[in-house]
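A look at the structure
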Amino acid sequence: MICLVSGSLLLFGNGCELRKRMYDQPKYEPLEQSDFFGDARSARALVEGTVPRGHLNEDMHLYEGKINGAFADTVPFPITKEVLKRGQNRYNIYCAVCHDRAGYGNGMIVQRGFKRPSSYHIDRLRKEKPGYLYDVINRGFGSMPSYSHQLNPEDRWAVVAYIRALQLSQSATLEDVPKQEREKLLTEKQ
Amino acid sequence: MAQVFRPSANTIAKASIFFLMVLTIAGLCGLDLIHRSPYVRYTHRPKEQPVPFSHKHHVNMGIDCRYCHTTVEESASANIPSTRICMNCHSTIWKDSPMLEPVRESWQTGKSLEWNRVHDLPDFVYFNHSIHINKGIGCVTCHGPVDEMPLVHREKPLFMKWCLECHKAPEKFIRPQEEVFNMDYKEPKNQLELGRKLVKEYHVQNENNRLTDCWICHR
């Protein structure tokens, strides 16, 4: 009897231990704490100056928004409807919190005390080149931090394209509306 | 020599066998109940965190999940935001709050904030956020109404049985892709009909690739 009880207890205990080891295997989950490294990070930073394969970002237009050292006045890829949609989606997540959805700079974070950014609809920003807008997203401007860690280069350009669309939308006249849509708009207004 | 056991001992012996059985079964059921209890599953109990971060407050201000959980659409892990993302706003807002002292300290020293995981699956389970997000499973479906949680807790027990509820019948839970991050989405009356259509449209499964295959989650 004693043998049976101690035997089953041993099995049970062993089972628990095995189960625990399966639950928590000797591998790191993303961002898991490490006992091995001094700074407790399992996700290791790259050694300074490392260029990961395929990440030699030589294209200054795409990655820095510059052509021959000056801000580019074009977006490095064609702007399609998909690009604009992507830009709208990213803008509403990452930018609208301060710049608000129409770009006047009265987002919720501004209402809670963050420094108010310029409206996109002022003359200076209407005339700025796309490369300049890209640079602000890429490296930040004044109180605005860089968003390079939240938006990849393609998304940054998509946001630039969408900001241009926002700027157009806020200064549009009836003449900008396609003819077949114009009547619909006028009847809706009444 | 006198008899050691009286005739009544027979009855006692029989009864004790019966009671022992009942006791064993009750004990096993009890263990199972404990195993399933909210206490052991750690549901509905907020975990202690270095900063009492309120999801409720931040979500209700209109900040999208993806503002902080940046990799949820393209990676297995949703990403625990870096101190840098906190400091996007908190370099200015609440910059003297004692509650945010650990965040500022982390920003100044470069030492990571040590957040405690709320949803930790066993290591023998393969889980990928991006596939769920991209195939129309809402955040709320698994994480519960995070927009109502001042301190976030685990809403679901994370049993395999619970995963399978959806893997067996995804049409019951799937929603249109543009509603995945919507916290207030209510499933329509024709959910099953819409669900079946979406399952087909998003190529959720086919004959060679069923969601209930073992390897889908254990690989």
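Residues numbered from 1 in each chain as written. Chains lettered and ligands numbered in written order. Predicted model: local features only at pLDDT ≥ 70, side-chain atom pairs only at ≥ 80, totals over all residues. Heavy atoms only, no water.

A tally of helices and strands in chain B yields 11 helices and zero strands. Listing every helix and strand of chain B by position from the N terminus yields α-α-α-α-α-α-α-α-α-α-α. Judged by the C-alpha coordinates and their principal axes, chain B covers about 95 × 50 × 35 Å. Looking at the 219 residues of chain B, the share that counts as buried comes to 34%. Accessible surface computed for chain B: about 14,500 Å², of which carbon and sulfur atoms make up 61%. Positive and negative side-chain charges of chain B, numbering 27 and 24 respectively, have mean locations separated by a distance of 8 Å. (Helix = DSSP H or I, 4+ residues; strand = E, 2+ residues; numbered from the N terminus. Buried < 20%, exposed > 50% of the residue type's maximum accessible area, 1.4 Å probe, protein only. Areas by Shrake-Rupley, 256 points an atom, 1.4 Å probe, with all protein chains shown as cover. Lys, Arg positive; Asp, Glu negative; His and termini not counted. Charge placed at Lys NZ, Arg CZ, Asp CG, Glu CD.)

Another aspect to go through is the environment of Val59(B). Note on placement: Val59(B) falls in helix 3 (residues 55-60). Taking the C-alpha atoms as reference, Val59(B) lies 8.9 Å from Met183(B); in sequence the two are 124 residues apart.

Residue Ala40(A) is not a glycine yet carries a positive backbone phi of 65°. Within the secondary structure, Ala40(A) sits in the loop between helix 1 (2-23) and helix 2 (60-64).

Okay, the interface of chain B and chain A next. The accessible area lost on association of the parts is a frequent measure of interface size. Between chain B and chain A, the contact holds 30 residues from the first and 27 residues from the second. Buried surface at the junction of chain B and chain A, summed over both partners, amounts to about 2,500 Å²; 53% is from carbon and sulfur atoms. When the area that chain B buries against chain A is broken down by residue, the three leading residues are Met61(B), Tyr67(B) and Asp123(B), summing to 26%. Between Glu73(B) and Arg90(A) there is a salt bridge, with the nearest N and O atoms lying 2.8 Å from each other. At the boundary of chain B and chain A, one finds 12 residue pairs in polar contact (both at pLDDT 80 or more). Those elements that place two or more of their residues in the side of chain B that touches chain A are helix 4 (65-68) and helix 5 (83-90) of chain B. At four residues, the largest contribution of residues to the side of chain B that touches chain A is made by helix 5 of chain B. (Contact = heavy atoms within 4.5 Å. Buried area = accessible area lost by both parts, 1.4 Å probe. Salt bridge = Lys/Arg side-chain N within 4 Å of Asp/Glu carboxyl O. Polar contact = N/O pair within 3.5 Å; in protein donor to acceptor, adjacent residues only side chain to side chain.)

All names here are of chain B. Taken residue by residue, helix 9 (residues 160-168) has Trp162, Cys166 and His167 as its buried positions. Taken end-on, helix 9 shows its buried residues confined to a sector of 140°, consistent with a single buried face. Across from the buried face of helix 9, at angles greater than 90 degrees, the exposed residues are Met160, Lys161 and Lys168. Elements in contact with the buried residues of helix 9: helix 7 (129-134), helix 8 (139-143) and helix 11 (214-217). (Arc of directions from axis to C-beta.)

Moving on, we come to the pattern of salt bridges. All names here are of chain B. Throughout the structure, instances matching the rule amount to 14 salt bridges over all chains. In this structure, the salt-bridge partner of Glu114 is Lys111, at a minimum N-O distance of 3.6 Å. A relative accessible area of 39% places Glu114 in the partly exposed class.

Our focus in this paragraph is the domain arrangement of chain B. When cut into domains, chain B gives domain 1 (8-41) and domain 2 (72-79 + 119-217). Using C-alpha coordinates to define each centre, domain 1 of chain B is positioned 38 Å away from domain 2 of chain B. (Domains from an automatic or database assignment.)

Turning our eyes to something else, we now look at the nonpolar core. With 33 residues, the main nonpolar core has Tyr91(A), Tyr94(A), Ile109(A), Val159(A) and Tyr67(B) as its most contacted residues. Secondary-structure elements contributing two or more residues to this core are helix 3 (81-99), helix 4 (108-111), helix 6 (130-139) and helix 7 (153-170) of chain A together with helix 5 of chain B. It is helix 3 of chain A that contributes the most residues to this core, seven residues altogether. Among the nonpolar cores identified, the runner-up in size contains 10 residues, and Ile137(B), Ile174(B), Leu198(B) and Val204(B) belong to it. (Core = buried A, V, L, I, M, F, W, Y, C linked by side-chain atoms within 4.5 Å.)

To continue, consider the side chain of Asp100(A). All names here are of chain A. Locating Asp100 in the fold gives a position in the loop between helix 3 and helix 4. At 2.8 Å, the side chain of Asp100 forms a polar contact with the backbone nitrogen of Ala102. If we skip the residues at most four places from it in the chain, Asp100 touches Tyr91, Cys95, Gly105, Asn106 and Gly107.

Geometrically, a pair of aromatic rings is defined through the distance of the ring centres and the angle of the planes. Enumeration according to the criterion identifies 10 aromatic pairs over all chains in this entry. Consider the rings of Tyr94(A) and Tyr67(B), whose centres lie 5.8 Å apart with planes at 35°: the pair is tilted. One end of the pair, Tyr94(A), is in helix 3; the other, Tyr67(B), is in helix 4, on a second chain. Tyr67(B) carries the same exposure label as Tyr94(A), and that label is buried. Arranged with centres 6.5 Å apart and planes meeting at 70°, the rings of Tyr132(A) and Phe141(A) form a pair that is edge-to-face. Under the relative-accessibility criterion, Tyr132(A) is labelled buried at 12%. Overall, the relative accessible area of 48% leaves Phe141(A) in the partly exposed class. Taken together, the aromatic side chains of Phe71(A), Tyr132(A) and Phe141(A) make up a single cluster linked through ring pairs. In this structure, Arg45(B) is placed above the aromatic ring of Tyr42(B), and the distance from its NZ or CZ to the ring centre is 3.9 Å. Looking at Arg66(B), its charged tip hangs above the ring of Phe181(B), at a distance of 3.7 Å from the centre. (Phe/Tyr/Trp six-rings, centres within 6.5 Å; stacked < 30°, edge-to-face > 60°. Lys NZ or Arg CZ within 6 Å of the ring centre and 35° of its normal.)

The next subject is the environment of Glu73(B). All names here are of chain B. On the secondary structure map, Glu73 appears in the loop between helix 4 and helix 5. Residue classification places Glu73 among the buried residues on the basis of a relative accessible area of 16%. Sequence spacing of Glu73 and Leu194 is 121 residues, and the spatial spacing of their C-alpha atoms is 23 Å.

What follows concerns helix 10 (residues 191-201) of chain B. All names here are of chain B. By the burial criterion, the buried members of helix 10 are Gln191, Leu194, Gly195, Leu198 and Val199. For helix 10, the buried positions fall inside an angular range of 135° around the axis, keeping them on one side. Turned more than 90 degrees away from the buried face of helix 10, the exposed residues are Glu193, Arg196 and Lys200. One or two steps after helix 10, the chain reaches His203, where phi turns positive at roughly 50°.

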